[in-house]
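Listed below, chain by chain, are the residues.
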Amino acid sequence: MVWLHKLLLSLFSWPVKWLVRVNNIPTDIENELGIDKHKPIIYLLRTHSITDQLALKMSTKSVDLPSPSKTILIGSEEHDACVFLQQPQSVIGRSIKGTKIAADFTHLFKLHKEDESLDLQIVPVTIFWGRAPGRKSSGLADLLADRASPSWLRKFFIVLFLGRDNFVSYSKAVSSRKMIELPGSEADIAHKLIRLAGTHFHRKRQAFNGPTLLEKHELYNSILGSASVKHAISEEARQKKLTPEKAKLRAKEYINEIAADYREGLIRFGDRMLTRIWNKIYDGIDVGHADKVRQLAQNGHEIIYVPCHRSHMDYLLLTYVIYHEGLVTPHIAAGINLNFWPVGGIFRRGGAFFLRRSFAGNKLYTAVFREYLELLFNKGYSVKYYAEGGRSRTGRLLPPKTGMLAMTLQAMIKGVNRPVSIVPVYIGYEHVMEVGSYLKELKGKGKKKESFLGVFSAVRKLKNYGHGFLNFGEPIQLNNFLDQQVPDWRDAKNSEADKKPSWLTPTVNNLANQIMVRINQTAAISGMSICALCLLSAKKSAMGKMELEQAVDDYLQLLKLSPYSDLVSLPQKSGVEIVKATLKLGKMTVNKDSFGKIISLERRNAVALTYYRNNILHLFAMPGLIAAILFARNGIEKSKLLDLIRCLYPMLQRELFLYMSAEQAQDYALSLIDSMKEMGMIVTSGRKLVPADPTAKSFYSIWLLNRSVQETLQRYALVLSLLAKEKKMSRSALEKQSAKFAERLSSLHGISSPEFFDKNVLATFVNALKDNELLADSDDGQLQHSEASETLRQDIIGLIAPEIAQRLEKLYANQG
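Residues numbered from 1 in each chain as written. Predicted model: local features only at pLDDT ≥ 70, side-chain atom pairs only at ≥ 80, totals over all residues. Heavy atoms only, no water.

Focus on the overall build of the chain
Counting secondary structure elements, the chain contains 33 helices and 25 strands. Rg of the C-alpha trace for the chain: 30 Å, near the compact-globule value of 28 Å for 816 residues, within the 12% margin. Taken along the three principal axes of its C-alpha coordinates, the chain extends 95 × 75 × 55 Å. Per-residue burial over the chain gives 54% buried out of 816 residues. Taking the contacts inside the chain whose residues are at least 6 apart along the sequence as the reference set, 77% of them involve residues at least 24 apart. Of the roughly 37200 Å² of accessible surface on the chain, 53% is carried by carbon and sulfur atoms. (Helix = DSSP H or I, 4+ residues; strand = E, 2+ residues; numbered from the N terminus. Rg over C-alpha atoms; globule rule 2.2 N^0.38 Å. Buried < 20%, exposed > 50% of the residue type's maximum accessible area, 1.4 Å probe, protein only. Contact = heavy atoms within 4.5 Å. Areas by Shrake-Rupley, 256 points an atom, 1.4 Å probe, with all protein chains shown as cover.)

What about the side chain of Lys 155?
Along the chain, the position of Lys 155 falls in helix α5 (residues 152-162). Lys 155 gets classed as buried once you look at its relative accessible area, which sits at 8%. Among the polar contacts made by the side chain of Lys 155, one reaches the side chain of Ser 49 at a distance of 3.2 Å. If sequence neighbours within four positions are ignored, Lys 155 has contacts with Ser 49, Thr 51, Asp 52, Trp 129 and Pro 150. (Polar contact = N/O pair within 3.5 Å; in protein donor to acceptor, adjacent residues only side chain to side chain.)

A short note on the side chain of Asn 471
In this fold, Asn 471 is placed in strand β15 (residues 467-472). For Asn 471, a relative accessible area of 2% translates into the label buried. A distance of 3.0 Å separates a polar side-chain atom of Asn 471 from the backbone oxygen of Thr 522. A distance of 2.8 Å separates the side chain of Asn 471 from the side chain of Ser 569, its partner in a polar contact.

Here's the deal with the packing of aromatic side chains
Applying the stated rule across the entire model yields 26 aromatic pairs. A centroid spacing of 5.0 Å and a plane angle of 80° characterise the contact between Phe 359 and Tyr 365, whose relative ring orientation is edge-to-face. Considered together, Phe 359 and Tyr 365 belong to a single accessibility category, that of buried residues. Arranged with centres 5.5 Å apart and planes meeting at 65°, the rings of Phe 359 and Phe 369 form a pair that is edge-to-face. (Phe/Tyr/Trp six-rings, centres within 6.5 Å; stacked < 30°, edge-to-face > 60°.)

Some points on the sheet that holds strand β19 (residues 596-600)
Strand order in the open sheet made by the three strands is β17-β19-β18, with antiparallel pairing throughout. With one partner strand each, in any of the chains shown, β17 (542-544) and β18 (589-593) form the two edges of the open sheet. When the angles between neighbouring strand axes are averaged without regard to direction, this sheet yields 25°. Sheet analysis places β18 next to β19, joined by five bridges and oriented antiparallel. Within β19, the position partnered with Asn 591 by the bridge is Ile 598. Against the sheet, helix α22 (residues 545-561) contacts β17 and β19, and its axis sits at roughly 90° relative to β17. (Pairing = 2+ DSSP bridges. Axes fitted to C-alpha atoms, helices over the stretch in contact; angles between N-to-C directions.)

As structure tokens, then:
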């Protein structure tokens, strides 16, 4: 029968090549899974299927792994490179027969005992055709459902209709040598391996396809039948003098307004469309750390993705990446403003569920929404929502909105029957298509309402947007998080359903901050962001081309020597290559004189590029602060430098969502100082640390670092100086006056950053002052200047440019 199997493989190879498009999971098999391409590999598949084997053959060829159709030499014997757990289902009936895998592995393990040098890599491989989750009701679509071990007839239709959606998912290799070291006979070990493989394939399929789809009647029954919604319906009827039937109908209308209507066919169609769009507008999409999420999914975790929000493109990009990483596409929380024809219906069928911007005391709507969210968690659907609430207009992370997080923790209290993990996600672009409208909104123009024509116009204008970046951050396992924060949190389950535990609000705030910190901890540096950082720090936003290339190289080298985080992604190119690629995006002006090329930013582009700089500004806050102190003090002892950093770090930490504690920040500062000395940016003069000599090659790079943090320090000085002048102010007055003076200062000194006078950023600094007890309490609840805030003001004034410091004094003395 071996000859017949080989004949069928040969016979079907050409039509399969034409019908099938293979997607490999993961794409970087060697690094992520540790599979050694030079050691013998046995592929372990679930079903003895010709088409599965051909798909695997196509996959192994694309990733440069040994072919599964060839034999491998084990000792002096030749063996097939593929083994299978079971035979396909019979066409008539549902019986599934086993294979001779137990005998094969028993024999292999005997060979291992005879030859101690033998060590094979047993690699489980799961072949998926399509991504259809199960349905409780059967139908014609079941013919194409790739479940169990389909018969050859069903497999024919599956390959015919789903061949373009084939996924080959590799798992970590199992060492045959380690297996043979387990207790028991060779046959016992073989049977144990088979049992583990069966469980593994079942979990992989669950993690890949997701839970059974909710039928409409089940959705209604689950939500309308819950105790909290029943109570809310009766209260709605009582307060608004409605009949119980009308109140229940209103609750049903809310369900229809909120709930997703997931259609796997639309996801497959969207995948094809988006692949074409991404290929048109992006040079590539770099994805990092997806292995962490795959592991969570395989371990049965409920996964909640919480990304930063840069653009409407985020909705599509994250779902697309999740799909191609072999994970279940999430149900996505979307603002009700996106529920317009025809986009709303498309989003809803793609997994979007809609929520109002404000629940505004609507208890029935709140109860329905909470119950729907809890239902998603308990049924095992992954969910995605944005902690920031809306898109960032400045490129910085916004202060988090905590509503969805609070409802998530409340669901945990009521009891979710599986572990829940939040996965922070960093998203970055070299071009955000809404930046122009963001700048108009920051200048006071109203937000333009979303419409079909607006979407069509945006799609029509798509062009080369450079690279996209998506990094999955360090997951937060909510059970562990709550155990650490509130050890007795499970006791709240027995309290009244509508009663909020006293610990909930501070715990939610802490969780929200942790998420934002972990998003920034896994940032990706793009060519656009690093070039923007350099050019916006330069005088007149202009640099020689070679200077820019050198600065880019220096900054990347600094972060390699002293990484901000192991999760940060750095470009693997030289400064020359990065600048060349970034110039192609057309946002920078290139002029040439007798000395060479000058790269500069026009005023309009300079304002726009602050968005991309702000994506990574937090990575350079500490190096920038070190540089600013060295230039301002013209040299300083290391101990005094660290003291100043200790005073200022809490402000930067709060504003930029820096993950390090005060102690970790001190250690990181020491690491940076050593690295900057190694690179020649800092030199030692007696007991003092001083910036490199102006004639040194690295002087310009450290001078730019000093400039990169100036606007932040100037904003701090402005707020503290205003409070010092007035002595006592209400919070709203301080923020309003600070924004007004900051905008004036921006105009006078050509500061191009819109966030320089952004109220959110100013409010964050005021919060940091309060949290660190740098402001005194007044009897009437106003903010009061103190000795601590004056000391901080003096420290900061000494670090900013003299002309800005002088302008601040004049501005406040003369009231503009």
